[in-house]
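# Architecture and fold: a report
Residues per chain are reported as follows:
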Amino acid sequence: MRGVEAFRVQGGSPLIGEVRVRGAKNSVLKLMAVALLAEGRTTITNVPDIMDVDIMARLIERLGASVTFDRAARRLDIDVPAELEQRADYDLVRQMRASISVLGPLIARLGVADIALPGGDAIGSRGLDMHLAGLERMGAKVTSEHGYVLASAPERLKGAPIWLDFPSVGATETLHMAAVTADGTTVIDNAAREPEIVDICRMLTAMGAQIEGTGTSTLTITGVPTLTSTTHRTVPDRIVAGTWAVAAAITGGDVRIVDADPQHLDLALDKLTAAGAEVTGEPDGFRVRMTDRPTAVDIVTLPYPGFATDLQPQFIALNAVATGMAMVTENLFESRFKFVNELIRLGADVRIEGHHALVRGRERLSGAPVVATDIRAGASLVLAGLVASGETLVTDVHHIDRGYDSFIPDLQRLGADIERIPAPIDEAV
Ligand code: UD1
């Protein structure tokens, strides 16, 4: 249903109330791939009801698993047979880059995997070199033909020392999923340490994997012959929680964000405090209150525990209506400022110089039709629309639906004047 729906936002209402955060998209998609490592039934709870979960479900079904998604209970049951298919086709991989996370489990279980190359996307080119070089170090043979990567290791993968050039989230995940049943010990140095990676390590450990150094930049994994299926609760989505925190601050609201872990958002919440928000911890989450116009805050994105690139667009929106001027530096994805042109249509004053964005706050943005270019850019345009005068129409909202569970009903409950409508005819074609 691409491009056929839009969000109509009428700016001006502060968000007030309570919102519940579900499990992290960037964790659950990988947990679904992890399930393939063990024959039998794996149950994953706290699963967000988002489009990417449906795409991943279709992909692992095509690989041979049966998936039941109880949307009301936010629970997935995944039944994994003894035999799996080896091929992840382009039609699904191109819709969602996270499809690449089946590479590690497939090569671990089958000794062979045939995965369509995901290509670039709206936020950048996103290479796979570190995933593939790591698998080669573990003895896999990797070739690329006709748009597919073929990785094979007929002899079972061998544990090996691996140094990543950069703490890539995806490469760390592929390699530790491949290493858990390899022959011997793998040490991944300069590993990513995102809470979602810790979540995957926890699930793998519950399945019988031997992993040391969880949450650090050195993961030591000693291969075991087989893993057993388990039940696992997904870590809360820190990016969704951070989006709600910015939504509270930008609208001058007061929002309790529950079922969230503020420790995963240390830096972002510290920036919000610097912007003038009052942030308080609560037993089941945290609360963000803002009474004045925000003060502009500088941001530099870095791998965790640095400032998350997935919260950069939301903070650009906040800076766009702040007092003063801020420099936002993007170090992870080269095209992540593409959405700024849409924000400029709402009256924002942003100048891009390479990977820096200079944002001069304006007292008011003014509503206009804009296009969501990716998940977080889309969310950021909605936040800007909440404080723009008049009406903002955000189209291509399927991007937002990929990552935000109940976004519109939750916004409405908090007092936003927003609705989902069919896109205007010229947008729908
Ligand atoms: C994941 C998240 C994404 C988040 C990002 C960084 C998912 C589904 N997506 O993406 O939301 O923004 O982490 O926190 O979990 N790179 C290479 N070669 C490689 C691997 C990566 O050059 O082999 C580059 C990428 O092009 C990119 C940078 O490294 O510029 C970061 O990529 P990575 O950390 O792997 O992010 P993803 O796993 O793609």
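A few points on the structure. (Residues numbered from 1 in each chain as written. Predicted model: local features only at pLDDT ≥ 70, side-chain atom pairs only at ≥ 80, totals over all residues. Heavy atoms only, no water.)

## Some words on the nonpolar core
Keep this limit in mind: We define the nonpolar core as a collection of buried residues of types Ala, Val, Leu, Ile, Met, Phe, Trp, Tyr and Cys that are connected through side-chain atoms lying within 4.5 Å of one another. Only protein chains enter the calculation, and the probe is 1.4 Å; a residue is then buried if its accessible area is under 20% of its type maximum, exposed if over 50%, and partly exposed in between. By the criteria applied, helices consist of DSSP H or I runs no shorter than four residues and strands consist of E runs no shorter than two, each listed in order from the N terminus. Any pair of residues with heavy atoms lying within 4.5 Å of one another is described as a contacting pair.
Among the nonpolar cores identified, the biggest contains 77 residues, and Val102 and Leu204 are the most heavily contacted of them. Residue contributions to this core peak at seven residues, all from helix 1 (residues 25-35). The residues contacting valine 102, other than those within four sequence positions of it, are Ala33, Leu36, Met56, Leu59, Ile60, Leu63, Ala88 and Ile115. One finds Phe286, Met290, Ala308 and Leu381 within the second-largest nonpolar core, a separate group that totals 72 residues.

## A word on the pairing of strand 3 (residues 40-45)
Test applied: We call two strands paired when DSSP finds no fewer than two bridges between them.
Where strand 3 and strand 5 (residues 75-80) come together, five bridges link them in antiparallel fashion. Directly across from arginine 41, in strand 5, lies its bridge partner aspartate 79. Across three bridges, strand 3 lies against strand 14 (residues 231-233) in parallel orientation. Note that in strand 14 the partner of threonine 45 across the bridge is arginine 233.

## Let's talk about the site of the ligand
Put simply, the test is: Residues are labelled near a given molecule or strand when at least one of their non-hydrogen atoms is within 4 Å of it. Distance and chemistry together define a polar contact, namely a pair of N or O atoms within 3.5 Å, with one atom able to donate a hydrogen and the other to accept it when in protein, and with adjacent residues in sequence counting only for side-chain atoms on both sides. Only the protein chains shown count as covering a residue, and every accessible area follows the Shrake-Rupley method with a 1.4 Å probe. Throughout this entry, Asp, Glu, Lys and Arg are counted as charged residues, while Ala, Val, Leu, Ile, Met, Phe, Trp, Tyr, Cys and Pro are counted as nonpolar. The remaining residues, Gly among them, count as polar. As used throughout, domain bounds are those supplied by an automatic or database domain assignment.
In the vicinity of the ligand lie 19 residues, with Lys30, Asp129, Ser168, Asp310 and Leu332 positioned nearest. A distance of 2.8 Å separates an oxygen atom of the ligand from a polar backbone atom of valine 169. Within the contact set of the ligand, an oxygen atom lies 2.6 Å away from a side-chain nitrogen or oxygen of aspartate 310. Bound to the protein, the ligand loses 86% of the 740 Å² it would expose on its own. Within the shell around the ligand, the residues separate by chemical class into seven nonpolar, six polar and six charged. Counting contributing residues, the shell around the ligand receives three or more from each of domain 1 (2-21 + 236-428) and domain 2 (25-233).

All we've got here are geometric facts, nothing functional implied.
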